[in-house]
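Survey of secondary and tertiary structure
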Amino acid sequence: MNRFTIIGGGIAGLTTAIALGRLGYRPVIFEAAPALKPLGAGLALAANAIKAFQKIGISDTIIRTGRLLDAFSILDEQGRVLTRTDSRAVSRKFGTDNFTIHRSVLHQALLSYLNDSQIILGKRAIGAEQTPDGVLVRFDDGTFHQTDHLLVADGIHSPIRQQLLPDSMPRFAGYTCWRAVIDGSGLDLKEASETWGRRGRVGLVPLADQKLYWFACVNAPAKDPRFRRFSVEDLRRQFEGYHDPIPQVLARTRNENLLWNDIMDLKPLRRYAFGNLLLMGDAAHATTPNMGQGACQAIEDAVILADELSRSKDVPEAFRRFEQRRLKRTHYIVETSRRIGQVAQLESPVLAGLRNRLFRLLPAGMNERRLETLYQVDF
Ligand SMILES: Cc1cc2nc3c(=O)[nH]c(=O)nc-3n(C[C@H](O)[C@H](O)[C@H](O)COP(=O)(O)OP(=O)(O)OC[C@H]3O[C@@H](n4cnc5c(N)ncnc54)[C@H](O)[C@@H]3O)c2cc1C
């Protein structure tokens, strides 16, 4: 039987290992981190991701640990609604729902379907060569691993992708982002929201067990050292005057729980398949988080790859067919999400005012049609 090796034990790598396990394969995952620790903040898992989990028979576990999301709104600084989208009404047309989940809870749920011996920690891949026998992977500790087929799922900074496609450098989106998960009890937030203001954008996303995930994006130069040192107190000053419960949410956040990153994506690639090697997840199509689709697309990748492998014994051919099915959709998401970010991050009072007036006039059907495109999957 073909040997599959996966580089990266993130959402793409773990879901792919489960999906291939359903076909009788037992891929091994090499993960750079020395230990599997609870990590990250919150995630939206849209109906298309839940559909993908259904396809590989694990949606019940995910749904049990997540929180149903009915709707989301875009608000102005005073908390007035610019648009409200009933995402549940749309997802129901596709026989499923949208959920939110803590990233570490999702990781635990995925890991529960894998055997410990399938994940080898502390192995950072730095390169890969195609050989007559398959693919030879090189690690930063000087060791090598030979495999028949390599699935590269090591995220946006993937060294193997950069070796294959030297121009594929991550591109900065123009804003930086803080995230945290706090105790949300008493705040009574039932729906997700984003507040678009001139000093930045704040998102509030309820999670299960009365937890609340929030994020805040501010326009900035890349890797600005001033923001590296930003504390909760600085964020309170940044968003002073924003509507309730944003001040209360920040007041409940502890500095040690703040996560900070510049927002990056990957300019759409022309290829994901390279003979016996395939790029997947953020390594192939990292997107800005504005549509909440990065992880959802990684999950779709896993299911579509398994679908193609179930149709063809010729693995490079299955990789090519995967590429054909994935390029257009992932390119659409990367480019649309980038444009949404540019609109959401407008600072000019005139342009932001115009945008807000326009958004108030938009028919709800427009957002719902965009969601239909997202939720419509081809598996
Ligand atoms: C602020 C923010 C909010 C987001 N919100 C959402 C959301 O609401 N919904 C959504 O769907 N998506 C969201 N995303 C996107 C989502 O986080 C990513 O798309 C998703 O994590 C991609 O999964 P992945 O497994 O491809 O990559 P990653 O999550 O980056 O995982 C890669 C794994 O590979 C390991 N690794 C890295 N390099 C190597 C190497 N050289 N060798 C071996 N292992 C390596 C890493 O340690 C990691 O475990 C958000 C992203 C950000 C930044």
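Here goes a summary of the coordinates provided. (Residues numbered from 1 in each chain as written. Predicted model: local features only at pLDDT ≥ 70, side-chain atom pairs only at ≥ 80, totals over all residues. Heavy atoms only, no water.)

Now for the overall build of the protein. Counting its regular elements, the protein contains 14 helices and 19 strands. Counting over 379 residues, the protein shows a buried share of 55%. Restricting to contacts in the protein with at least 6 residues of sequence separation, those with at least 24 account for 73%. Counting only carbon and sulfur atoms, one obtains 52% of the accessible surface of the protein, whose full area is about 16,800 Å². The positive charge centre, built from 51 side chains, and the negative charge centre, built from 41, are 2 Å apart in the protein. (Helix = DSSP H or I, 4+ residues; strand = E, 2+ residues; numbered from the N terminus. Buried < 20%, exposed > 50% of the residue type's maximum accessible area, 1.4 Å probe, protein only. Contact = heavy atoms within 4.5 Å. Areas by Shrake-Rupley, 256 points an atom, 1.4 Å probe, with all protein chains shown as cover. Lys, Arg positive; Asp, Glu negative; His and termini not counted. Charge placed at Lys NZ, Arg CZ, Asp CG, Glu CD.)

Nonpolar side chains collect at one region of the surface, where Val350, Leu351 and Leu354 lie side by side and expose about 290 Å² of accessible area between them. If you trace the backbone, Leu351 turns up in helix α13 (residues 349-361). (Patch = residues over 30% accessible without salt bridge, like charges linked within 9 Å, V, L, I, M, F, W, Y side chains within 5 Å. Salt bridge = Lys/Arg side-chain N within 4 Å of Asp/Glu carboxyl O.)

With that out of the way, let us pick up the sheet that holds strand β17 (residues 259-266). Strand order across the open sheet formed by 7 strands is β6-β5-β14-β15-β16-β13-β17, with mixed pairing between neighbours. Single-partner strands in this sheet number two, and they are β6 (81-85) and β17. Looking at each pair of strands side by side, their axes are set apart by 20 degrees on average, direction ignored. Note: strand β5 (residues 72-75) against strand β14 (residues 192-197), 4 bridges, orientation parallel. From the neighbouring strand, Leu75 faces β14, where its bridge partner is Thr195. (Pairing = 2+ DSSP bridges. Axes fitted to C-alpha atoms, helices over the stretch in contact; angles between N-to-C directions.)

Considering all chains together, one arrives at 28 salt bridges under this definition. Notably, a salt bridge pairs Lys93 with Glu372, separated by 2.5 Å at the nearest N-O pair. With Lys93 in helix α4 (residues 87-93) and Glu372 in helix α14 (residues 364-375), this pair connects stretches of sequence that are 279 residues apart. Where Glu233 meets Arg237, a salt bridge forms, and the shortest distance between an N and an O atom there is 3.8 Å.

Taking 1.5 Å as the rise per residue, helix α12 (residues 315-344) with 30 residues should run 44 Å; its terminal C-alpha atoms sit 42 Å apart, in good agreement. Approximately 40 degrees is the largest bend angle found in α12, and it occurs at Arg326. (Expected span 1.5 Å × (residues − 1). Bend = angle between axes of the 7 residues up to and from the residue.)

The next thing to look at is the site of the ligand. With respect to spatial proximity, 29 residues lie near the ligand, and among them Ala12, Glu31, Ala44, Arg103 and Asp282 are the closest. Here Ala44 contributes a backbone N or O atom positioned 2.8 Å from an oxygen atom of the ligand. Coverage of the ligand by the protein amounts to 83% of the 1,000 Å² it exposes when considered alone. Where the shell around the ligand is concerned, the elements lending two or more residues are α1 (11-21), β3 (42-45) and α11 (294-311). Among the elements that make up the shell around the ligand, the one with the highest residue count is α11 (3 residues). (Near = heavy atom within 4 Å. Polar contact = N/O pair within 3.5 Å; in protein donor to acceptor, adjacent residues only side chain to side chain.)

Quick look at unusual backbone geometry now. Residues Asp244 and Pro245 are joined by a peptide bond in cis, for which omega reads 5 degrees. Looking at where Pro245 falls in the secondary structure, it is placed in the loop between α8 (232-238) and α9 (246-251). Here Asp209, not a glycine, exhibits a phi torsion of approximately 55 degrees, which is positive. Within the element layout of this structure, Asp209 appears in the loop between β15 (200-206) and β16 (211-219). With a phi close to 50 degrees, Lys223 is a non-glycine residue in the positive phi region. In this fold, Lys223 is placed in the loop between β16 and α7 (225-228).

The next subject is the packing of helix α2 (residues 47-55) against α11. Taken N-terminus to C-terminus, the directions of α2 and α11 make an angle of 30 degrees; their axes are 9 Å apart at the nearest point. In terms of their interaxial angle, α2 and α11 are classed as roughly parallel. Relative to α11, α2 is oriented so that their crossing is left-handed. Judged by residue contacts, Asn48, Ala49, Ala52, Phe53 and Lys55 of α2 engage Cys296, Gln297, Ile299, Glu300 and Val303 from α11. Looking at the contact of α2 with α11, its residues break down into 6 nonpolar, 2 polar and 2 charged. (Parallel < 35°, antiparallel > 145°, perpendicular 65-115°, else oblique. Left-handed = near helix turned anticlockwise from the far one by under 90°. Nonpolar A, V, L, I, M, F, W, Y, C, P; charged D, E, K, R; others polar.)

Attention now moves to the sheet that holds strand β7 (residues 98-102). Within a sheet, each strand pairs with its neighbour through backbone hydrogen bonds, oriented either parallel or antiparallel. Reading across from one edge, β3-β7-β4 is the order of the 3 strands in this open sheet, with antiparallel pairing throughout. With partners counted over all chains shown, the strands left at the sheet margins are β3 and β4 (67-69), one partner each. Going from strand to strand, the sheet's axes swing by 30 degrees on average, the running direction of each strand aside.

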